[in-house]
Amino acid sequence: MTPIEKGVALFNDRQFWHAHEAWEELWLQSKGEEKVFLQGLIQLAAAYHHVQRGTFRGGVRLFDAALRKLERFAGDYHEIDRAEAVAAAARHCERIARGENIDAGEFPKLRYN
């Protein structure tokens, strides 16, 4: 399993910190646009990790950063369909900014093609 696939599997299993770590391994070796994309995924996973811990201010900041980075890439860049996750992250960012909790059942999934 590649670090990308491992990160997707961990993200989908709601193990956001471990997904972050899997992608960071690849991010450290990447360059250019790939590095920006991977940083967006890492920030997305870190944002959901903050949501799980109840540290919403950090989550809002990371959601914003992740969404800014990920919006510049095609919907299936690196064979990851992240449309559902990006849409959910935008909604979740608004909700936690208002102090609302996000139920774990609402966490999105990434699809690896």
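A.B. asks: Could you give an account of the packing of aromatic side chains, naming the residues involved and the relevant values?
C.D. replies: Think of a pair of aromatic rings as described by two things: how far the centres are apart, and how the planes are tilted against each other in angle. Under the defined criterion, the tally for this structure stands at 10 aromatic pairs. When the ring of F11 is compared with that of W23, the centres are 6.2 Å apart and the planes differ by 40°; the resulting orientation is tilted. With F11 in helix 1 (residues 3-12) and W23 in helix 2 (residues 16-27), this residue pair connects regions lying 12 residues apart in the sequence. For the pair formed by F11 and W23, the shared burial category is buried. Ring geometry for F11 and Y48: centres 6.1 Å apart, planes at 85°, overall edge-to-face.

A.B. asks: Describe in detail unusual backbone geometry, supporting the description with residues and values.
C.D. replies: Positive phi is not limited to glycine here, since R14 has a value of about 65°. Among the secondary structure elements, R14 is positioned in the loop between helix 1 and helix 2. The backbone of E79 sits at a positive phi, close to 65°, despite the residue not being glycine. Topologically, E79 is positioned in the loop between helix 4 (56-70) and strand 1 (80-81).

A.B. asks: Give me helix 2: which residues, what numbers.
C.D. replies: Taking 1.5 Å of rise per residue, 12 residues should cover 16 Å, and helix 2 covers 16 Å from first to last C-alpha, within 8% of that figure. Turning to helix 2, its buried residues are F16, A19, H20, A22, W23 and L26. Each buried residue of helix 2 sits inside an arc of 165° when the element is viewed along its axis, so together they form one side.

A.B. asks: Account for the side chain of Q43, naming residues and giving values.
C.D. replies: By the element assignment, Q43 lies in helix 3 (residues 32-53). A relative accessible area of 12% places Q43 in the buried class. In terms of polar contacts, Q43 uses its side chain to reach the side chain of K69, at 3.3 Å.

A.B. asks: Quick one: what's the story with the nonpolar core, residue by residue and with numbers?
C.D. replies: Residues F11, W23, L44, Y48 and F63 are the most contacted members of the largest nonpolar core, which totals 37 residues. At the level of secondary structure, the elements contributing two or more residues to this core comprise helix 1, helix 2, helix 3, helix 4 and helix 5 (83-97). The residues contacting L44, other than those within four sequence positions of it, are F11, F63, A66, L70, A85 and A89.

A.B. asks: Requested: an account of the pattern of salt bridges, with residues and values cited.
C.D. replies: A full pass over the atoms with the stated rule returns 5 salt bridges. Across the pair E100 and R95 runs a salt bridge whose closest N-O atoms are separated by 3.3 Å. Take E100: its relative accessible area is 31%, and that puts it in the partly exposed class. Between E100 and R98 there is a salt bridge whose closest N-O contact spans 2.9 Å. It is possible to trace a salt-bridge network through shared partners that takes in R95, R98, E100 and E106.

A.B. asks: Lay out the packing of helix 3 against helix 5 with the relevant residues and their values.
C.D. replies: Running from N to C, helix 3 and helix 5 cross one another at 40°; their axes reach a closest spacing of 12 Å. Classified by the angle between their axes, helix 3 and helix 5 sit oblique to one another. Relative to helix 5, the crossing made by helix 3 is left-handed. Contacts between helix 3 and helix 5 pair L44, Y48 and V51 from the former with A85, A88, A89, H92 and I96 from the latter.

About the cut-offs
- Residues numbered from 1 in each chain as written.
- Predicted model: local features only at pLDDT ≥ 70, side-chain atom pairs only at ≥ 80, totals over all residues.
- Heavy atoms only, no water.
- Phe/Tyr/Trp six-rings, centres within 6.5 Å; stacked < 30°, edge-to-face > 60°.
- Helix = DSSP H or I, 4+ residues; strand = E, 2+ residues; numbered from the N terminus.
- Buried < 20%, exposed > 50% of the residue type's maximum accessible area, 1.4 Å probe, protein only.
- Expected span 1.5 Å × (residues − 1).
- Arc of directions from axis to C-beta.
- Polar contact = N/O pair within 3.5 Å; in protein donor to acceptor, adjacent residues only side chain to side chain.
- Core = buried A, V, L, I, M, F, W, Y, C linked by side-chain atoms within 4.5 Å.
- Contact = heavy atoms within 4.5 Å.
- Salt bridge = Lys/Arg side-chain N within 4 Å of Asp/Glu carboxyl O.
- Axes fitted to C-alpha atoms, helices over the stretch in contact; angles between N-to-C directions.
- Parallel < 35°, antiparallel > 145°, perpendicular 65-115°, else oblique.
- Left-handed = near helix turned anticlockwise from the far one by under 90°.

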